[in-house]
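Spelled out, the chains give:
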Amino acid sequence: MFKKEISPSPKQKLKSSAQRGLRQSLLTTYPLLNPYIEEVMPKKASLSSMKLPDRNTLYIIDSTPLFYQQDDVAGTLIPHLKLVHRFPQAFPTIRIDRGAIRFVLSGATLMAPGLTSKGGRLPADGVPQALEEGKEMDQKVDNEGRWSRELVKGEPVVIMAEGKSEACAVGTLVAGTAEVKSTGKGPVVEDAHFLGDGLWNLNLD
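The structure contained in this document is the topic of the report that follows. (Residues numbered from 1 in each chain as written. Predicted model: local features only at pLDDT ≥ 70, side-chain atom pairs only at ≥ 80, totals over all residues. Heavy atoms only, no water.)

**Here's the deal with the packing of aromatic side chains**
The geometry of two aromatic rings is summed up by the distance between their centres and the angle between their planes. What the rule picks out here adds up to 4 aromatic pairs. Both rings, one in phenylalanine 2 and one in tyrosine 68, keep their centres 5.2 Å apart while their planes meet at 90°; by these two values the pair is edge-to-face. Taken together, the residues phenylalanine 2 in the segment before strand 1 (11-13) and tyrosine 68 in strand 4 (residues 64-70) connect sequence positions 66 residues apart. Here the two residues phenylalanine 2 and tyrosine 68 agree in accessibility, since each one is buried. Between tyrosine 59 and phenylalanine 67, the aromatic rings sit 5.3 Å apart at their centres with planes inclined by 40°, giving tilted as the arrangement. One exposure class covers both tyrosine 59 and phenylalanine 67, and it is buried. Positioned over the ring face of tryptophan 200 is lysine 82, at 5.0 Å from the centre of the ring. (Phe/Tyr/Trp six-rings, centres within 6.5 Å; stacked < 30°, edge-to-face > 60°. Helix = DSSP H or I, 4+ residues; strand = E, 2+ residues; numbered from the N terminus. Buried < 20%, exposed > 50% of the residue type's maximum accessible area, 1.4 Å probe, protein only. Lys NZ or Arg CZ within 6 Å of the ring centre and 35° of its normal.)

Here is the structure:
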């Protein structure tokens, strides 16, 4: 989606009511951001939006990119990788094996074998199938790099890589993790935002 270089477009300042709505939507989607929300979106900061290719909108404070949203999708906010790198513990993750890294970093669709192999990591077997009400803050990654619940189709996910400490991509699941484990094939994340793509390199100064 952002494979090509992106030219900056004019920034539009958001009304305070729109900022409040986005803040609440962000916390609903990513409850683990709650302890950091004042760092991410300070109440007195001025949030701006910028149009991106493929009907996407990027949200920015000053020259710091926060998250983007596809205009025709009902509201899913996807964190910019620079935000993920600041608060890695706040987002659900899966991990690809070493062999899949170069494909993901070239913008290819992430396929199931990159996650089901020895170096890949999907949620552990037997973990909850859904986010339990009241236990949103209990989610975490275990010592083996496995998320503490199954992730569902349509949910945003951060892609870690075997042997690397920082996330390499972020996108939306086109198949739930339980399905990926049971079938072991097919696409898992399409159109990811990845390190070195046009969105990563976008100059916002």
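**A closer look at the pairing of strand 4**
Consecutive side chains of a regular strand alternate in pointing toward one face of the sheet and then the other. Counting buried residues along strand 4, 5 of its 7 residues qualify, which places the element largely inside the surrounding structure. Relative to strand 4, strand 3 (residues 56-61) runs antiparallel, the two sharing 6 bridges. Residue pairing for strand 4: threonine 57 is matched across the bridge by glutamine 69. Where strand 4 lies against strand 5 (residues 77-79), 3 bridges are found, and the strand directions are antiparallel. Across the sheet, tyrosine 68 pairs through a bridge with isoleucine 78, a residue of strand 5. (Pairing = 2+ DSSP bridges.)

**Brief notes about unusual backbone geometry**
Positive phi is not limited to glycine here, since aspartate 54 has a value of about 60°. Looking at the secondary structure, you find aspartate 54 in the loop between strand 2 (47-52) and strand 3. One non-glycine residue, aspartate 191, lies in the positive phi region at around 55°. The topology assignment puts aspartate 191 in strand 10 (residues 187-194).

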